[in-house]
Structures are given as structure tokens and as C-alpha cells.
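# Structure assessment
The residues making up each chain are set out below.
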Amino acid sequence: MTTDTGNAIANTIKEYGKRLFGFIRNKVRSEQDAEDIIQDVWYQLSNVINIEEIDQMSGWLHQVARNKIIDKYRKKTPELLDDFAYENDEESFNISDILLADNYTPETEYIREVFWKELFTALEELPENQRQVFVWNELEDVTLQDIATNTNENLKTIISRKGYAVKHLRKRMKTVYDEFFN
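Below is a short write-up of the structure. (Residues numbered from 1 in each chain as written. Predicted model: local features only at pLDDT ≥ 70, side-chain atom pairs only at ≥ 80, totals over all residues. Heavy atoms only, no water.)

### With respect to the overall build of the protein chain
The condition that has to hold: Each helix is a run of H or I in the DSSP string that is no shorter than four residues. Each strand is a run of E no shorter than two, and both are numbered from the N terminus. Throughout this description, buried means an accessible area under 20% of the type-specific maximum (1.4 Å probe, protein chains only), exposed means over 50%, and partly exposed covers the range between. When checking whether two residues touch, look at their non-hydrogen atoms; a contact exists if any pair is within 4.5 Å. Here the accessible surface of atoms and residues is derived via Shrake-Rupley with a 1.4 Å probe, and residues count as covered only by protein chains that are part of the display.
Summing up its helical and strand segments, the protein chain has 8 helices and 2 strands in all. The order of helices and strands in the protein chain, counted from the N terminus, is α-α-α-β-β-α-α-α-α-α. A burial count over the protein chain gives 34% of its 182 residues as buried. Residue pairs at least 24 apart in sequence account for 52% of intrachain contacts in the protein chain once pairs closer than 6 positions are excluded. Carbon and sulfur atoms make up 48% of the accessible area of the protein chain, which amounts to about 12,100 Å² in all.

Okay, here's the thing in C-alpha cells:
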């Protein structure tokens, strides 16, 4: 990076940093998420070959930030297993308690085995391109942008494939969830 480029990035951060952080912070759950996203935005800016070619810096930064926010929310994390929870007056239960637990009982092992078997069966029902995107993104932790780049596909196409895969898997896995927890 040349000194001019470094100065341009520093000036951009100084000029847009607080406002951009506020924009991001209003759209995410935590300050930590906002900090991670703004770092990703600055990193992407630092990889631009010629910053002078960006006509509307504010618009460019906000678009990159929006894309990073969308990627953050599309990216599934283990805590999203909390969506599969059961609660009553005496106890509460969460599927992640079993799938991610360190203790091994015959019951938890059986549930894990059935869950993973059903997940992979449901994955096999998907068209190859949808299955591959889901596996890369969810199981191998490859970003959607990296998948698009590596496959020479449009990012929107990759996002669409992932969306179809998730819809199918939710529908298929609901039966398993209902059998065990309802």
C-alpha cells in the first residue's frame, strides 16, 4: 500500500467512521457485531486497488456495510439452534443442549445420531448446487462471497441457492424436531 493510499484510507476512516459505525450499530444486535462489521468494511476498502475510482465514497461504504450486515444475518451460528427450544413451568429445553453438549448419555447420543442422519438424508434430496452451497457455508464455514468467487457465480445466485436449501431443510427437519420435542 502506498503512502497516498494509506493517507486516503486514514482520511476516509476519520471522515466517515463515526457515522458509518452508527449506521451499522442501528442494524445489528450488539456493539461487538458492529465493530466486527466495520472492521470488515475497512478491510475491504484497504483492498481496493485505486480508491480514487470510487465516485461516491459514502454510498460505497454504506453499500459494503449493508452487504456485510446481510452476510452476518444469513450466516448461521450454533446459537441459532436456540430457535428449537421447549419451555414449560417446570423446565426448559433447547436442542442445542443435546447437539452441543459434552455429556454423552444413550438418549443424547440417539438424538444426535437421528438428527445428523436426517440432516444428511435431507441434504441428499437437494439439487447438487443447493446442497454444495449449504455444506460449504454451514458445515465448512466458507462465506457466501467466497463461494461466489470460487465458483464464478453471481453472489445473488449463491444466496438464492442457500435460501432454497435452508427452506427445504427447515421443512424436513421440523418432523424430526416435532417427534422428539413435542
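### Remarks on the pattern of salt bridges
To be explicit about the condition: Salt bridge criterion: a side-chain nitrogen from Lys or Arg within 4 Å of a carboxyl oxygen from Asp or Glu.
Within this structure, the stated rule accounts for 6 salt bridges. Here Glu118 ties to Arg172 by a salt bridge, and the two come within 3.5 Å at their closest N and O atoms. One end of the pair, Glu118, is in helix H5 (residues 106-124); the other, Arg172, is in helix H8 (residues 155-181), with 54 residues separating them in the sequence. With a relative accessible area of 21%, Glu118 lands in the partly exposed category. With a closest N to O distance of 2.2 Å, Glu128 and Arg131 form a salt bridge.

### A few points about the packing of helix H6 (residues 128-139) against helix H7 (residues 144-151)
For the record, the criterion: Axis angles are defined between N-to-C directions and span 0 to 180 degrees, where every axis is a line fitted to C-alpha atoms and, for a helix, only to the segment in contact. Between 65 and 115 degrees an angle is taken as roughly perpendicular, under 35 as roughly parallel, over 145 as roughly antiparallel, and anywhere else as oblique. Two helices crossing with the near one rotated counterclockwise from the far one by less than a right angle form a left-handed crossing, whereas a clockwise rotation gives a right-handed crossing. Residues were grouped as follows: Ala, Val, Leu, Ile, Met, Phe, Trp, Tyr, Cys and Pro as nonpolar; Asp, Glu, Lys and Arg as charged; and all remaining residues, including Gly, as polar.
Orientation of H6 relative to H7, taken along the N-to-C sense of each, is 135°, at an axis distance of 10 Å. Between H6 and H7, the angle is such that the two are oblique. As for how H6 packs across H7, the hand of that crossing is right-handed. Between H6, through Val133, Trp136 and Asn137, and H7, the contact on the second element is made entirely by Leu144, Ile147 and Thr151. Here the contact of H6 with H7 is composed, by residue class, of 4 nonpolar, 2 polar and no charged.

### Here's the deal with the environment of Leu144
Tracing the chain through its elements places Leu144 in helix H7. In this structure, the C-alpha to C-alpha distance between Leu144 and Thr157, residues 13 residues apart in sequence, is 10.0 Å.

### What about the nonpolar core?
Rule in force here: Only buried residues count toward a nonpolar core. Its members are Ala, Val, Leu, Ile, Met, Phe, Trp, Tyr and Cys residues joined through side-chain atoms within 4.5 Å.
Core analysis: the largest hydrophobic core is formed by 21 residues, its most contacted members being Leu20, Ile24, Val41, Leu45 and Leu61. Those elements giving two or more residues to this core turn out to be helix H1 (3-25), helix H2 (31-46) and helix H3 (57-74). Once residues lying within four places of it in the same chain are set aside, the contact partners of Leu20 are Ile38, Val41, Trp42, Leu61, His62 and Ala65. In terms of nonpolar packing, the next biggest core, distinct from the first, is built from 11 residues, Ala122, Leu123, Phe134 and Val166 among them.

### Remarks on the environment of Arg172
The exposure class assigned to Arg172 is partly exposed, which follows from its relative accessible area of 22%. Considering only alpha carbons, one finds Arg172 and Leu123, 49 residues apart in sequence, at a separation of 9.6 Å. Setting aside chain neighbours within four positions, we find Arg172 in contact with Glu118, Thr121, Ala122 and Glu125.

### A closer look at a negative patch on the surface
For the record, the criterion: The patch calculation keeps residues exceeding 30% relative accessible area without a salt bridge and links them within 9 Å when they carry like charges or within 5 Å when they are nonpolar (Val, Leu, Ile, Met, Phe, Trp, Tyr). As used throughout, the charge tally considers Lys and Arg to be positive and Asp and Glu to be negative, leaving His and the chain termini uncounted. By convention, charge coordinates are those of NZ in Lys, CZ in Arg, CG in Asp, or CD in Glu.
Residues Glu31, Glu35, Asp36 and Asp40 make up a contiguous surface patch of negative charge. With respect to the helices, strands and loops of the structure, Asp36 is situated in helix H2.

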